[in-house]
Structure formats: structure tokens, C-alpha cells
Amino acid sequence: MITFHRVLRSIRRRPRYTCAFLIVAILGLSGNLYLDSLEGSIRGSLGAKSRELLTADLSISVRRLTTSSDREKIDTFLKPLADEKTRSLDLFSMLSTKRGSRLVQLIAIESNYPLVGRLTLEHSGVIERNTPKDTLGKGRIWIDPDVRDSFGLKMGSHAKRSE
């Protein structure tokens, strides 16, 4: 009770200090709330973008060819966690054209790829999880526009794997 009386007496004696203190406290608290809100917004946006770039919620990466035993262990692990799954095989190879050779990343996909997000193809439009992948047949590739332009490739151009 004595402390409360001292605070009231201090407020009466120094009204300018009290007013400035309250303004700074209000600004500090509102700034803190704003930063917390901004952090939540950024965290949500990054989470959504990372899911879209990953094309899934969870990715299990193996740096060697998997055996049937490995795949069974992964399936057992994923069974309670995942409703759907898809596989992709990533490898690096040299791609050769008339302009030269470069190291490229090749990704072989299953028919329900991508689980999250979409791929936008120049001539085939948007490719989502349930889009039929019949436009991608044997001997055909989807290529990133930057890679295409650096090689000088066009639709129907030929490329081969360097030996």
C-alpha cells in the first residue's frame, strides 16, 4: 500500500516524466506486438513457399540407390505420417549440345509428382499432382527456361548425355 502511495505522489510531482514514460511504454509494447505479428506472417509465408519449392511436406533424401529393405523401412516410417507419397530420382549429368556441355541436374518423377505446388510449363500449362503426365514421354524432357536459353535450345531440339 505504501508503494502505491509513493507511485501516485511521484506521478503528481512529475507529470511530464510520467506522460513521457507512458508514451514510450505504449510505443514499446505496440512495436513489440507489431514485430511479433510480422514474425508470424514471415514464418507462415516462408513455410508455404518452402513446401511449394520442396513440392511436399516431408522429404527423405538418400545419396545411394535404395534396396527393397530400405524402401520397406521408409514405408513403415511414413505409414502413420503420410496420406500420399511420390518418388523422384535426382542425379547430376553432363548435357551436351552444339553450344557445349554443362553439368545439369536430372530429376525422374512419378505420375503424382508434385504433391504440393505446381510446375508451369510453357506449352502444356500448369502441372499439378492430379494432372496426367502423358505429355512427358520417353525421350522427352522438361527443362528450366534459364538452362534452355543458356544452351540455345528450342522446342524439339536435341540434346545428348555427354560420355
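What you see is a predicted model; the values in this text were computed from it and never measured. (Residues numbered from 1 in each chain as written. Predicted model: local features only at pLDDT ≥ 70, side-chain atom pairs only at ≥ 80, totals over all residues. Heavy atoms only, no water.)

Details of the overall build of the chain
Phase 1 of the analysis: When helices and strands are counted, the chain shows four helices and five strands.
Phase 2 of the analysis: For the chain, the sequential pattern of α-helices and β-strands runs α-α-α-β-β-β-β-α-β.
Phase 3 of the analysis: Across its three principal axes, the chain shows a C-alpha extent of roughly 85 × 45 × 30 Å.
Phase 4 of the analysis: Evaluated residue by residue, the chain yields a buried proportion of 13% over its 163 residues.
Phase 5 of the analysis: Sequence separation of 24 or more characterises 41% of the internal contacts of the chain that already satisfy a separation of 6 or more.
Phase 6 of the analysis: Taken as a whole, the chain presents about 14,100 Å² of accessible surface, with 57% of it coming from carbon and sulfur. (Helix = DSSP H or I, 4+ residues; strand = E, 2+ residues; numbered from the N terminus. Buried < 20%, exposed > 50% of the residue type's maximum accessible area, 1.4 Å probe, protein only. Contact = heavy atoms within 4.5 Å. Areas by Shrake-Rupley, 256 points an atom, 1.4 Å probe, with all protein chains shown as cover.)

Quick notes on the pairing of strand β2 (residues 100–109)
Phase 1 of the analysis: Relative to β2, strand β1 (residues 88–97) runs antiparallel, the two being bridged by 10 bridges. Its bridge partner lying in β2, F92 is registered against Q105.
Phase 2 of the analysis: The turn joining β1 and β2, which pair antiparallel and follow one another in sequence, is formed by two residues. (Pairing = 2+ DSSP bridges.)

What to know about the pattern of salt bridges
Phase 1 of the analysis: Here the structure, examined in full by the defined rule, presents three salt bridges.
Phase 2 of the analysis: A salt bridge links R64 to D70, with the shortest nitrogen-to-oxygen separation between them at 2.8 Å.
Phase 3 of the analysis: Here D149 and R148 are joined by a salt bridge, their closest N and O atoms 3.2 Å apart. (Salt bridge = Lys/Arg side-chain N within 4 Å of Asp/Glu carboxyl O.)

Quick look at the packing of aromatic side chains
Phase 1 of the analysis: In the structure shown here, the tally under the stated rule is one aromatic pair.
Phase 2 of the analysis: Geometrically, the ring pair formed by Y17 and F21 is stacked, given 6.4 Å between the ring centres and 25 degrees between the ring planes. Residue Y17 and its partner F21 are located together in helix α2 (residues 15–54), separated by four residues, close to a single helical turn. The burial state of Y17 is the same as that of F21; both residues are exposed.
Phase 3 of the analysis: It is R14 that lies over the ring of Y17; its NZ or CZ is 5.6 Å from the centre. (Phe/Tyr/Trp six-rings, centres within 6.5 Å; stacked < 30°, edge-to-face > 60°. Lys NZ or Arg CZ within 6 Å of the ring centre and 35° of its normal.)

Things to note about helix α1 (residues 2–13)
Residues three or four positions apart in an α-helix share a direction because the helix packs 3.6 residues into each turn.
Phase 1 of the analysis: Taking 1.5 Å of rise per residue, the 12 residues of α1 would be expected to cover 16 Å, and the 17 Å separating its terminal C-alpha atoms lies within 8% of that figure.
Phase 2 of the analysis: Little of α1 sits out of view: just zero of its 12 residues are buried. (Expected span 1.5 Å × (residues − 1).)

What about a nonpolar patch on the surface?
Phase 1 of the analysis: Together, Y34, L35, L38, I42 and L46 line one region of the surface with nonpolar side chains, adding up to about 520 Å² of accessible area.
Phase 2 of the analysis: With respect to the helices, strands and loops of the structure, I42 is situated in helix α2. (Patch = residues over 30% accessible without salt bridge, like charges linked within 9 Å, V, L, I, M, F, W, Y side chains within 5 Å.)

Some thoughts on the side chain of T18
Phase 1 of the analysis: If you trace the backbone, T18 turns up in helix α2.
Phase 2 of the analysis: Looking at T18, its side chain comes within polar contact range of the main-chain oxygen of R14, at 2.9 Å.
Phase 3 of the analysis: With sequence-adjacent residues up to four places away left out, T18 is seen in contact with S10 and I11. (Polar contact = N/O pair within 3.5 Å; in protein donor to acceptor, adjacent residues only side chain to side chain.)

Details of the environment of S59
Phase 1 of the analysis: Following the sequence through the fold, S59 ends up in the loop between α2 and α3 (68–78).
Phase 2 of the analysis: As for S59 and P15, which are separated by 44 residues in sequence, their C-alpha atoms are 61 Å apart.

With respect to the environment of L38
Phase 1 of the analysis: Relative to the assigned elements, L38 resides in helix α2.
Phase 2 of the analysis: For the pair L38 and P132, spaced 94 residues apart in the sequence, the C-alpha separation amounts to 39 Å.

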